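A closer look at the structure
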Amino acid sequence: MGLTLAQKLIKDHLVEGEMKVGSEISLKIDQTLTQDATGTMAYLEFEAMGVDRVKTEKSVAYIDHNTLQTGFENADDHRYIQTVTKKHGIYFSRPGNGICHQVHLERFGIPGKTLIGSDSHTPTGGGICMLAMGSGGLDVAVAMGGGTYYIPMPKMTRINLTGYLKPWVSAKDVILEVLRIMSVKGGVGKIIEYGGEGVKTLTVPERATITNMGAELGATTSIFPSDEITLAFLKAQGREKDWTPIQPDDDAEYDEIIDIDLCSLTPMAACPHMPDKVKTTQEIGKIKVDQVAIGSCTNSSYADMMKVASILKGRTVCSSVSLCIAPGSKQVLNMLALNGALSDMINAGARILESACGPCIGMGQSPNSAGISLRTFNRNFEGRSGTKDAGIYLVSPEVAAASALTGYLTDPRELGEAPKVEMPEKFIVNDNMIDPPASEEEAKDIKVLRGPNIKPFPDTAPLPDEIEANAVLKVGNNITTDHIMPAGAKILPYRSNIPHLSQYCFGVCDETFPERIKKLGKGIIIGGSNYGQGSSREHAALVPLYLGVKAVITKSFARIHIANLVNAGILPFTFANEDDYDKIDQGDDLALPEIRSRIENKEEVILKNLTKNGEYPLDSSHLSDRQRAMLLCGGLLDYTRETNK
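No experiment lies behind these values; they were computed from the predicted model shown.

1. As for the overall build of the chain
A tally of helices and strands in the chain yields 22 helices and 27 strands. Its C-alpha atoms give the chain principal-axis dimensions of roughly 70 × 60 × 55 Å. Per-residue burial over the chain gives 63% buried out of 645 residues. Surface accessibility of the chain: about 22900 Å² in total, with carbon and sulfur atoms responsible for 47%. Distance between charge centres in the chain, computed from 66 positive and 80 negative side chains, equals 3 Å.

2. Let's talk about the packing of aromatic side chains
For the coordinates displayed, the defined rule picks out seven aromatic pairs. For the pair tyrosine 91 and phenylalanine 108, a centre-to-centre distance of 6.2 Å together with 50° between the ring planes defines the contact as tilted. Taken together, the residues tyrosine 91 in strand β5 (residues 91–93) and phenylalanine 108 in the loop between α4 (100–107) and β6 (114–117) connect sequence positions 17 residues apart. For phenylalanine 108, a relative accessible area of 10% puts it in the buried group. Between tyrosine 302 and phenylalanine 427, the aromatic rings sit 6.4 Å apart at their centres with planes inclined by 85°, giving edge-to-face as the arrangement. A residue pair is termed long-range when its members are at least 10 positions apart, and tyrosine 302 in helix α10 (residues 302–312) and phenylalanine 427 in the loop between α13 (397–406) and β20 (434–435) qualify at 125 residues. Cluster of aromatic residues (ring-pair linked, three or more members): Phe233, Tyr302 and Phe427. Lying across the ring of tyrosine 581, lysine 555 places its NZ or CZ 4.6 Å from the centre.

3. Topic: the pattern of salt bridges
In total, this model carries 29 salt bridges according to the counting rule given. Where lysine 8 meets aspartate 249, a salt bridge forms, and the shortest distance between an N and an O atom there is 3.0 Å. With lysine 8 in helix α1 (residues 5–13) and aspartate 249 in the loop between α8 (228–236) and β12 (256–261), this residue pair connects regions lying 241 residues apart in the sequence. A residue is classified by how much of its surface remains accessible, and aspartate 249, at 29% relative accessible area, is partly exposed.

4. With respect to the sheet that holds strand β9 (residues 155–162)
Strand order in the open sheet made by the four strands is β11-β10-β9-β12, with parallel pairing throughout. The strands lining the two open edges of the sheet, one partner per strand, are β11 (221–223) and β12. On average, each strand axis in the sheet is tilted by 20° relative to the strand beside it, whichever way the strands run. Pairing geometry for β9 and β12, over six bridges, is parallel. Across the sheet, the residue bridging to leucine 161 is isoleucine 260, located in β12. Across the sheet, α1 is in contact with β9, β10 (190–195) and β11; its angle to β10 comes to roughly 125°.

5. Looking at the nonpolar core
Formed by 68 residues in total, the largest nonpolar core has its most connected members in Phe506, Phe513, Ile525 and Tyr531. Sort the elements by how many residues they give to this core and helix α18 (residues 539–547) lands first, with six residues. Counting 56 residues, the second-largest nonpolar core is a separate cluster that includes Ile294, Met305, Cys318 and Met335.

6. Considering the pairing of strand β3 (residues 31–35)
Most of β3 is tucked away: five of the five residues are buried. Here five bridges tie β3 to strand β4 (residues 58–62), and the two strands are oriented parallel to one another. Residue pairing in the sheet places glutamine 35 in a bridge with tyrosine 62 of β4. At this point the chain moves from β3, through helix α2 (residues 36–48), to the parallel β4, and the crossover so formed is right-handed. Here three bridges tie β3 to β6, and the two strands are oriented parallel to one another. Looking at the pairing, threonine 32 lines up with isoleucine 116 of β6.

Thresholds, definitions, all that
- Residues numbered from 1 in each chain as written.
- Predicted model: local features only at pLDDT ≥ 70, side-chain atom pairs only at ≥ 80, totals over all residues.
- Heavy atoms only, no water.
- Helix = DSSP H or I, 4+ residues; strand = E, 2+ residues; numbered from the N terminus.
- Buried < 20%, exposed > 50% of the residue type's maximum accessible area, 1.4 Å probe, protein only.
- Areas by Shrake-Rupley, 256 points an atom, 1.4 Å probe, with all protein chains shown as cover.
- Lys, Arg positive; Asp, Glu negative; His and termini not counted.
- Charge placed at Lys NZ, Arg CZ, Asp CG, Glu CD.
- Phe/Tyr/Trp six-rings, centres within 6.5 Å; stacked < 30°, edge-to-face > 60°.
- Lys NZ or Arg CZ within 6 Å of the ring centre and 35° of its normal.
- Salt bridge = Lys/Arg side-chain N within 4 Å of Asp/Glu carboxyl O.
- Pairing = 2+ DSSP bridges.
- Axes fitted to C-alpha atoms, helices over the stretch in contact; angles between N-to-C directions.
- Contact = heavy atoms within 4.5 Å.
- Core = buried A, V, L, I, M, F, W, Y, C linked by side-chain atoms within 4.5 Å.
- Right-handed = clockwise from strand over helix to strand, strands pointing away.

Right under this line is the structure:
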């Protein structure tokens, strides 16, 4: 039996385990990336390991999330990251150089290599055939220190593309169609692999848009082949030497095959408040629009920006619409400035933002109260924009630009002939905003600078013999990391200050949660299906750890979040019988008797409801032997220290 694309890359990087679906495997990691919202904690964790120099082929730190400097906190964190990376062998992409996934695709990504990043949209790298996965910052720190990355061996899903995209239909519509078919939890435990004749019609930026939003499926990652189109992109970046042709074997077998005819697609949108609530623009109708935001790591490429500029040229944005545009990198912004496209955007009335994540993570540009905002981003979770009652729709750049002109959700096909944008034969390459690390000799004299906002890692402790705690919070299905630990301009500057962050934990669900658990001293969280979907942010585990959460018991988990819980030393269980979820109320007193011995000996875990005198079996079969050992120690940091003695 032949191998799929992903299986080939996994086989080439396999360190431990067997390529048997569901079993734990460990992979050698070639490259890592961090961004500033998660990077500060990742580098604090790296320093705690006592490793002098990174051991990866390439590690890059990007400043792209916390670029709004309304106080000293973000600037201090940037200074810390710049000095700690210089000292330890990591490249540093300065503020203004661009969004991590866009820049990494342009300047560092290599077909066939493994990449993990402390950002859930790291699978963008799959657009050039990388095995690129989002992970918690602690996992990135371990990989930088030479450790391997552990995942359950995924199933393989092939999405077979035929035909070609018609005018005004884009790659964003492709991934929205995949989300409509599979849902936000349909990719859990899977790698999504794209193939078929239709693949040859898609450019690398289009492929990257699709793999980027594969994160919203809950997938381990998404991947395209490395072919002549990949070569053309790398050659235009002056990096043709990095190209390797990679295709799946003709007799590769997949666990699931989905067929999509590109010719059949029409402009679509994801409706509030979930990326899989997908309808065509015609089905939704001409709703009034208050704001349009174009950019993010999903749709800020040169090609996307050129399409937008062509649509806006010679026209004026509707007076009732606020249009903001954020090119994805300095390279893109510079090319737009030199060819006149930037002027076309400005003349039309667009507000040009810096090359950063910005509104996508609530860092400015929040919509008006109860406003309707069309965004070319990847997530439309409730409250993520910074306006809790806003209605956020995810759309293509074409739909966004057309709607900005009319003032209502518009099918861009109404505008007539679609703009034709060709990929450039040569991009402008200027890496002057990427600082290389110091040599080992120079590094000895570098002082790492820390601001007062940087606080220590939360206290951890070995797993006790038993746990008794209150069901301090009960939540429903599809709880995201934005529910657990919100983003936004008021909160993100404190990503290196867990005590301060704690006052916002679960604020979207229950503003009283932080105060209640602090009074209790500890607690257990009860959740529904797909708990922890969304971002890779480990703060959604570290802040609950700080507050005293001892266990999270759900119907099911998202992949990255369950790994982050284990890394933090928080017990993650699922109900053996999902109906038992309904038998527990918030406020019930619960117990996990003999929990240490049951974890250690792989015995069935029983949850006792002391309030209702009930007992419920829990499933811990998803925990590997390594994860059990980590939980016994109190988390990954303690486990690493223990095993390195």
